[in-house]
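Structural overview for review
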Amino acid sequence: MTDPCTAFKGFYSVCLLIFSIVSIMGLIAYEQTNLSSATKPVVAYLAIWGGMLWLTMVEGSQGSLVGLAPVNRELYKDSHPITYKCTAVANKGDNLDRYLMGRQFMVCMIVFLINISGGPIGGAEIWGYPDWLKTLFFTVGLSMIFFTCMVGQLNSQVNASLCMLDYINNYFAIFTFWTAMAIEFSGLLHSSYLVQMMVCALSGQEMISKEEPRSAGANVFFWARCLMSLAVLGYCCTVTLVCIFTDRTTMWEGVPPIITFVIFILLLCTVGMLEGMQIAFFAVAKLQASERGDSKFAKMTCDLLFKGAGNNLPGFMIGRQLSVVSCMFFVARVTSVSIPEGEPNLFGVSDGVQGLFNTGLLGALMLTIIGSITWQLVASAYPIAFLNNPITYVFLKITLFFEATGICSGAWVLAAIHKKLAGFQRDEVYIGTAEERAQKAMGDDSAHLARGAGHIVKLPNFVDNAPKSLKKLLENDPTVAKYIDEAVADKA
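Residues numbered from 1 in each chain as written. Predicted model: local features only at pLDDT ≥ 70, side-chain atom pairs only at ≥ 80, totals over all residues. Heavy atoms only, no water.

Considering the packing of aromatic side chains
Scanning all chains against the criterion turns up 17 aromatic pairs. When the centroid spacing of 5.5 Å and the interplanar angle of 40° are considered together, the rings of phenylalanine 8 and tyrosine 12 count as tilted. Of this pair, phenylalanine 8 and tyrosine 12 both sit in helix α1 (residues 4-29), four residues apart, which is roughly one turn of that helix. Phenylalanine 8 gets classed as exposed once you look at its relative accessible area, which sits at 56%. Arranged with centres 6.2 Å apart and planes meeting at 50°, the rings of phenylalanine 401 and phenylalanine 402 form a pair that is tilted. A relative accessible area of 53% means that phenylalanine 401 is categorised as exposed. Joined through ring pairs, the aromatic side chains of Phe19, Tyr30, Trp127, Tyr129, Phe137, Phe138 and Phe146 make up one cluster. When the ring centre of tyrosine 84 is taken as origin, the NZ or CZ atom of arginine 73, which lies over that ring, is 4.7 Å away. (Phe/Tyr/Trp six-rings, centres within 6.5 Å; stacked < 30°, edge-to-face > 60°. Helix = DSSP H or I, 4+ residues; strand = E, 2+ residues; numbered from the N terminus. Buried < 20%, exposed > 50% of the residue type's maximum accessible area, 1.4 Å probe, protein only. Lys NZ or Arg CZ within 6 Å of the ring centre and 35° of its normal.)

Considerations on the environment of cysteine 237
Relative to the assigned elements, cysteine 237 resides in helix α11 (residues 216-245). The spacing of cysteine 237 and leucine 362 is 125 residues in sequence and 8.0 Å in space, taken between C-alpha atoms. Sequence-distant contacts of cysteine 237, that is, excluding residues within four places in its chain, are made with Met366 and Ile370. (Contact = heavy atoms within 4.5 Å.)

Things to note about the nonpolar core
In terms of nonpolar packing, the biggest core is built from 127 residues, with Ile48, Leu65, Tyr99, Met277, Leu367 and Leu396 touching the most fellow members. With 13 residues, the top contributor of residues to this core is helix α5 (residues 95-118). (Core = buried A, V, L, I, M, F, W, Y, C linked by side-chain atoms within 4.5 Å.)

Thoughts on the packing of helix α7 (residues 142-162) against helix α19 (residues 410-422)
For the pair α7 and α19, interaxial distance at closest approach is 8 Å and the crossing angle is 65°. Of the two elements, α7 crosses α19, and the hand of that crossing is right-handed. Residue-level inspection shows Met150, Val151, Leu154, Asn155, Val158 and Asn159 of α7 in contact with α19, the latter providing Gly410, Ala411, Trp412, Leu414, Ala415, His418 and Lys419. Residue classes in the contact of α7 with α19 are distributed as eight nonpolar, four polar and one charged. (Axes fitted to C-alpha atoms, helices over the stretch in contact; angles between N-to-C directions. Left-handed = near helix turned anticlockwise from the far one by under 90°. Nonpolar A, V, L, I, M, F, W, Y, C, P; charged D, E, K, R; others polar.)

Description of the packing of α5 against helix α16 (residues 361-381)
Direction vectors running N to C along α5 and α16 enclose 140°, while the axes themselves pass 9 Å from each other. By the angle between their axes, α5 is oblique relative to α16. Considering the relative orientation of α5 and α16, their crossing is right-handed. On α16, the residues that touch Met101, Gln104, Phe105, Cys108, Met109 and Phe112 of α5 are Leu361, Gly363, Ala364, Leu365, Leu367, Thr368, Ser372, Ile373 and Gln376. Its residues placed into classes, the contact of α5 with α16 shows ten nonpolar, five polar and no charged. (Parallel < 35°, antiparallel > 145°, perpendicular 65-115°, else oblique.)

So, the confidence of the model for the chain
Do not read the fine detail of predicted coordinates wherever pLDDT is low. Chain-level statistics for the chain give a pLDDT mean of 78 and a share of 83% at 70 or above. Within the model, the stretch residues 459-475 combines pLDDT values under 50 with 20 contacts to residues more than four positions away or in other chains. Overall, residues 487-492 carries pLDDT values under 50, and its contacts beyond four positions in sequence, including any with other chains, amount to four contacts. (pLDDT = per-residue confidence, 0-100.)

Overview of the side chain of serine 323
In this fold, serine 323 is placed in helix α14 (residues 312-335). Excluding its chain neighbours within four sequence positions, the residues that come into contact with serine 323 are Leu274, Thr399 and Phe402.

Re the layout of surface pockets
In this structure, the second largest pocket encloses a volume near 1,100 Å³. If you go around the second largest pocket, you meet 42 residues; those closest to its centre are Asn34, Ile121, Gly122, Thr250 and Arg333. Among the elements of the structure, α2 (34-38), α5, α6 (131-139), α7, α14 and α15 (351-358) are those that each provide at least two residues to the lining of the second largest pocket. By residue number, the principal contributor to the lining of the second largest pocket is α14, which donates five residues. Class assignment for the residues of the lining of the second largest pocket results in 18 nonpolar, 18 polar and six charged. (1 Å grid on protein atoms, 1.4 Å probe; cavity = no way out; pocket = protein on both sides within 12 Å on 5 of 7 lines; lining within 4 Å. Points joined across faces, edges and corners; volume = space filled by probe spheres on them.)

Spelled out as structure tokens, the structure:
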């Protein structure tokens, strides 16, 4: 039975969500958002709900594909044929890494689209809202943050973590998967591979691949895309910086360009830290306490993260999601180009190219590479260094505070409704538990999940999924955990 405190959090969170959705839809109807004022409200409605629906699949697919990677696919070949097709490609070679990289850009791109569609214009007025309410929900952007975080992200992550097979057993999931793969194949993000190589070289760790070395032709194609990606990234940075320092962005009026630039850098670093922290936390989750660093802040961070029943790790993930999406909306405001009426287009480009600039797509690409993937790659090679950073501890406290407020508890209510309507069932109904699969000689194989330097897969904590008897043994005898880690490493 739900305790009163949890029930209250869910109630007030749902109320905030309903208020936010109604307000955003009202703003669109009265042409008080960026897209509806430039086109028609119906276009903004289609864009915001289409983007939100796609975002749920992007977020849910990640959890499903990563979670199903170790599972023997023959167990669900007949019951979930579309899921089988999806994982057959995802588990081949290094495709999971490619998908995760393309997916990262999709998240930023869709969030930027949602921001353009529902983000209020300056001085937006609706239904006589008092100034303090407009400041909180429109200027600061709480309405868009609650809407995106609860409807588009946390809701789908909750269901996809427990109902992986059902969640991606549809052609929408396959379309989403191949879109992410196409983005990676295009080469837009290939400069990230250069960062990946540098990180592995500096850390002295070998980059492990499940594919044969590239042929001469494939190498030429790969390096050509890397150079193209560097050129595109450089152009994105140039356009963004020129617009910031010439005061031609959608930043609030009256904010000096230098302050806008400082805010932009701080936001990139904040998103980067939060992205890197999740990789570092999952990397050290399987280490013994003595191996998690000797510094004061490393011990403080681990003590807080893993104390008690270990609920602070999933609590961090919820608070982190709220923090990241908040930063994304602010980055969208800072990087979206806005040319004052009567002024020429930037660099004399055509109206079509200028329209592309105005979408904030260039900022999304910058945020993906510089503010997300790069930090995740560094954290995969230097997880202990992240723990030693005092900022990590501060951010952990902040994210846990956000989660404790219950401000996003409405996502659990939405997840329950979504699960009921879609008829989702837990994976154990179809394929049994990990222990039952092992007894049938069809146990999980963690070799399908790439780990270590250069990989951005978010791994679940092994101990959390272990049988109760093994959990107790692991707690009482640390040498058992060490032996299991060594045995898994030898097998892989």
